[in-house]
Amino acid sequence: MKNKSLHKYPLVWKKDDFFIKIYSSIPNISTGILLTTEKATFIIDPGDGILRDLSKDVGAITILKVSDIFITHGHHDHIGGVWSLLTYLSVMQKKGELNIYYPKGCMEIESIYKAFIKVYGKELSYKINLKEIKNEKSFQRNSVTVRPFEVNHREVSQEKNISIKIPSLGFKFVYDGKSICYGGDTAYCDSLVKHAKNSDLAIIEAGADKENKLDLHMTIEQASQIGKTAKEYFLVHVPE
Ligand SMILES: [Zn+2]
Ligand SMILES: [Zn+2]
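Residues numbered from 1 in each chain as written. Chains lettered and ligands numbered in written order. Predicted model: local features only at pLDDT ≥ 70, side-chain atom pairs only at ≥ 80, totals over all residues.

Undergrad: Even after reading the chapter, I still don't get helix H4 (residues 82-91), so can you show me in this structure?
TA: Residues of H4 that are buried: Val82, Leu85, Leu86 and Leu89. Buried residues of H4 fall within an arc of 95° about the axis and therefore sit on the same side. (Buried ≥ 20, exposed ≤ 12 C-beta atoms within 10 Å, placed from the backbone. Helix = DSSP H or I, 4+ residues; strand = E, 2+ residues; numbered from the N terminus. Arc of directions from axis to C-beta.)

Undergrad: Help me out: how do you make sense of helix H1 (residues 50-57) in this one?
TA: Each α-helix turn comprises 3.6 residues. Residues three or four places apart therefore point the same way. Within the sequence span of H1, burial applies to Ile50, Leu51, Asp53 and Leu54. The arc that holds the buried residues of H1, viewed along the axis, is 165°, so those residues lie on one side. In the segment just after H1, Gly59 is the residue with positive phi, at about 80°.

Undergrad: What am I meant to see in the packing of H4 against helix H5 (residues 107-120) here?
TA: Between two packed helices, both the angle of their axes relative to each other and the distance between the axes serve to describe the pair. Here H4 crosses H5 at 35°, and the two axes come no closer than 11 Å. The two elements H4 and H5 cross, and the hand of that crossing is right-handed. Here Val82, Trp83, Leu86, Thr87 and Ser90 of H4 lie close against H5, whose contacting residues are Ile112, Phe116 and Tyr120. When the residues that make up the contact of H4 with H5 are grouped by side-chain class, the tally is six nonpolar, two polar and no charged. (Axes fitted to C-alpha atoms, helices over the stretch in contact; angles between N-to-C directions. Left-handed = near helix turned anticlockwise from the far one by under 90°. Contact = placed C-beta atoms within 7 Å. Nonpolar A, V, L, I, M, F, W, Y, C, P; charged D, E, K, R; others polar.)

Undergrad: Quick question: what am I supposed to make of the confidence of the model for the chain here?
TA: Keep in mind that low pLDDT regions are not for reading the predicted coordinates in detail. Across the chain, pLDDT averages 94, with 95% of residues at or above 70. Ignoring residues within four places in sequence, the model shows residues 1-5, a span with pLDDT below 50, making two contacts including any to other chains. (pLDDT = per-residue confidence, 0-100.)

Undergrad: Quick question: what am I supposed to make of the pairing of strand S7 (residues 127-133) here?
TA: Every regular strand shows the same layout, with side chains that alternate between the two sheet faces. Looking at chain direction, strand S6 (residues 97-103) and S7 are connected through seven bridges and run parallel. Looking across to S7, one finds that Asn99 is bridged to Asn129. Each parallel crossover has a hand, and for S6 linked through H5 to S7 it is right-handed. (Pairing = 2+ DSSP bridges. Right-handed = clockwise from strand over helix to strand, strands pointing away.)

Undergrad: What exactly am I supposed to notice about the sheet that holds strand S14 (residues 201-205) here?
TA: Think of a sheet as strands paired side by side through backbone hydrogen bonds, with each pair either parallel or antiparallel. Pairing is mixed in the open sheet, where six strands are placed in the order S8-S9-S12-S13-S14-S15. Here the strands that pair on one side only, and so sit at the sheet edges, are strand S8 (139-141) and strand S15 (232-236). The sheet shows a mean angle of 20° between the axes of neighbouring strands, taken without regard to direction. Pairing analysis gives three bridges linking S8 to strand S9 (residues 144-150), with the strands arranged antiparallel. Bridge pairing in S9 links Gln140 to Thr145. Seen against the sheet, helix H7 (residues 220-227) touches S14 and S15 and runs at an angle of roughly 165° to S14.

Quick look at the structure:
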């Protein structure tokens, strides 16, 4: 409980109409982030509870405006809310398109999508576009420049003491001369160091578990070191 002040949710950051709210970021439990500008409504890492949090906080009108979902990686604490969110949008008769961006090779998202289309495809009121991210090229979405970058997130394989890298991304969102860098889950890595530096807000995971010696997450010291190179930073994903 020592670092309680580091993870009091929701965390909010706002510069004019560039707004981000982290409803939750707890390893092995759930993540959920809303990013908006005057013209954009994005969700990042819709973990379990995202629909409940959005519904309570911003309501159906805003949820129906969501045009893009950004997934950093396929772990359940980052995607557990996808199914209910997609279903809700259909029940509420969302119109238009919904893009889901995810790292190349992220089986979880492709599997959820396939199963979802099988069940609801015929009655779906909107179109889902799966957007596999294969490189680090930036692109524009509703006035926001999105720059994906590869990070180093791993999971322990069946044979203990071996960790395997999984498809995982961080995202940098640039709008109106301001930038937000979100690293997702990662061990200390150069790409995050580079993108967090000088950003207006860096959101850095500090999920290292003291008993786990494998290089899966960052310690609070490592995460703070990166965070301090940005103008402001949040440490997230701290174990509770
Ligand atoms: Zn996680
Ligand atoms: Zn993870």
